[in-house]
Each structure stands twice: as C-alpha cells, then as structure tokens.
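Examination of the molecular architecture
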Amino acid sequence: KTKSFLVVVLLSIVYCLLFTAYSFSQGAWTPKANFSGTSRWGATGFSIGSKGYIGTGMGCKDFWEWDQTGNFWTQKADFGGGNRAGAVGFSIGAKGYIGTGLSGFFGTWYNDFWEWDQAGNLWTRKSDFGGTPRVDAVGFSIGAKGYIGTGGGTSKDFWEYNPTTDVWTKKADFGGMARHIAVGFSIGAKGYIGTGMDASNTYYKDF
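Residues numbered from 1 in each chain as written. Predicted model: local features only at pLDDT ≥ 70, side-chain atom pairs only at ≥ 80, totals over all residues. Heavy atoms only, no water.

Together, Val-183, Phe-185, Ile-187 and Phe-207 make up a nonpolar patch on the protein surface, roughly 430 Å² of accessible area in all. With respect to the helices and strands, the residue Val-183 is situated in strand β13 (residues 183-187). (Patch = residues over 30% accessible without salt bridge, like charges linked within 9 Å, V, L, I, M, F, W, Y side chains within 5 Å. Areas by Shrake-Rupley, 256 points an atom, 1.4 Å probe, with all protein chains shown as cover. Salt bridge = Lys/Arg side-chain N within 4 Å of Asp/Glu carboxyl O. Helix = DSSP H or I, 4+ residues; strand = E, 2+ residues; numbered from the N terminus.)

Next up, the structure:
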C-alpha cells in the first residue's frame, strides 16, 4: 500500500510539472531567426503548409521563405510585380497570392494580382483585382477562394477571387466605414475585418 501510494504521489507530481510547463508555454512569445531580408515596412506575407513567407515592402520586391522546422530563411524568386508597399497577401492551397499596393510614398497605386507557385518557385500574373487600384487593403482566404476589400481610406468594396476560373466577383460591401490599414483574417467559413483608419485619419476599433 505504501509503495502504491508513493507511486501515485510521484505520478501526480510528474503530471503537475508537465501540466504547469504546458500551461506556461501557452501565450508566450519565442524569438525565432531574424528575417534575412533588409529591414522594411509595408511588407506582406502568408503561409503555405509549414512554411511562412514574407516579401515586398517599401522599395523592396524580394521574397523569402521561413522553415518552421529548421528555423531558417531562404530567398525565393523576387515578386513579379516589382517594388511595392501596402500590398495584400494570402494563400490558397499550395499557391500564394500578392496584389494591389503602391510603388513609393507618393507613387503609383496598383490593382495587379500575382500567383506564386511553391513547387516551381514561379510568379505568374493573373487577372487584375476587380476593384480600383488601392493600398493598405485587407485580404484573406476561405477554402478555395481569396478575398480582398477596403483600402486607400475611401474604399469599402469587397471582392472574391476564384483561382480555378481566374475571375473576380464583387460581394457585399464591408459593413463598416470605408477605411485602410485594417486587419483581416478567416476562421472556418467566416471572414473578419476590424480596426483601421479612414481618409480623415479617424481610427477605428469596430470588428
């Protein structure tokens, strides 16, 4: 009985230690290998499987892959649309997409749209974004479709991209005020947009 009791006590202690370690590991930030490109702002990114990707940014068109397992960066083919900041990025399956943005502080606004093939490391221009050229829009994907909306401080339109047909379809306008520099993401079959700033520099926290 004594031995059994000690075994139970030891197992309980081990469980508590493991549970505590697991609990403390949740919600904690862990530094990873620094991005291997130059310092920048206005870049965009997405993930495909266990790899993460960052590219473009003010004055930049380079494109990089981060390996989650090995914690290292590898440079990939430069973004096909040239230097730009404030673009939108998302992934659908094994393909990544980047579009819209601007070429400089007071440069050209774009509505071009590009697909990156992970297997071939190749950029291919696709049908231009269905809305007007813009910067600092929001993008995400749901299933086999991609979405871009808001941007430029004066836009609230919202568009769906079908990679199979290479066609853009206008959807219901974003429910809040027109804005740019908002945040967007998806969970399951729902998309979410919130925060941002309008053309009069009013900040928002609606969601």
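Read across the sheet, four strands follow the order β9-β10-β11-β12 without closing on themselves; strand pairing throughout is antiparallel. Strands at the two margins of the open sheet, each flanked by one partner only, are β9 (138-142) and β12 (167-171). Put simply, the sheet's adjacent strands are angled 25° from each other on average, direction ignored. Bridge analysis of strand β10 (residues 145-149) against strand β11 (residues 158-162) gives four bridges, and the strand direction is antiparallel. Paired with Gly-149 across the bridge in β11 is Phe-158. (Pairing = 2+ DSSP bridges. Axes fitted to C-alpha atoms, helices over the stretch in contact; angles between N-to-C directions.)

Across the sheet, which stays open at both edges, the four strands sit in the order β5-β6-β7-β8 with antiparallel pairing between neighbours. Of all strands in the sheet, those bounded by a partner on one side alone are β5 (88-92) and β8 (122-126). For this sheet, the mean inter-axis angle between neighbouring strands, taken without regard to orientation, is 25°.

Judged by how many residues are buried, strand β3 (residues 63-67) sits mostly within the fold: five of five residues are covered. By the alternation rule, side chains of β3 split into Phe-63, Glu-65 and Asp-67 and Trp-64 and Trp-66, which are all buried. Pairing between strand β2 (residues 51-55) and β3: five bridges, direction antiparallel. From the neighbouring strand, Tyr-53 faces β3, where its bridge partner is Glu-65. Of the strand pairs in this sheet, β3 and strand β4 (residues 72-76) are connected by five bridges, and their pairing is antiparallel. (Buried < 20%, exposed > 50% of the residue type's maximum accessible area, 1.4 Å probe, protein only.)

Its location among the elements puts Thr-56 in the loop between β2 and β3. You can call Thr-56 buried: its relative accessible area is 0%. When residues no more than four places from it in sequence are discounted, the contact partners of Thr-56 are Arg-40, Gly-42, Ala-43, Thr-44, Lys-61, Asp-62, Phe-79, Arg-84 and Ile-98. (Contact = heavy atoms within 4.5 Å.)

Next up on the list: the pairing of β13. For β13 and strand β14 (residues 190-194), the ladder comprises five bridges, and the chain directions are antiparallel. Along β14, the bridge assignment pairs Ile-187 with Lys-190. Between the antiparallel neighbours β13 and β14 lie two residues, among them Gly-188 with a positive phi of about 60°.

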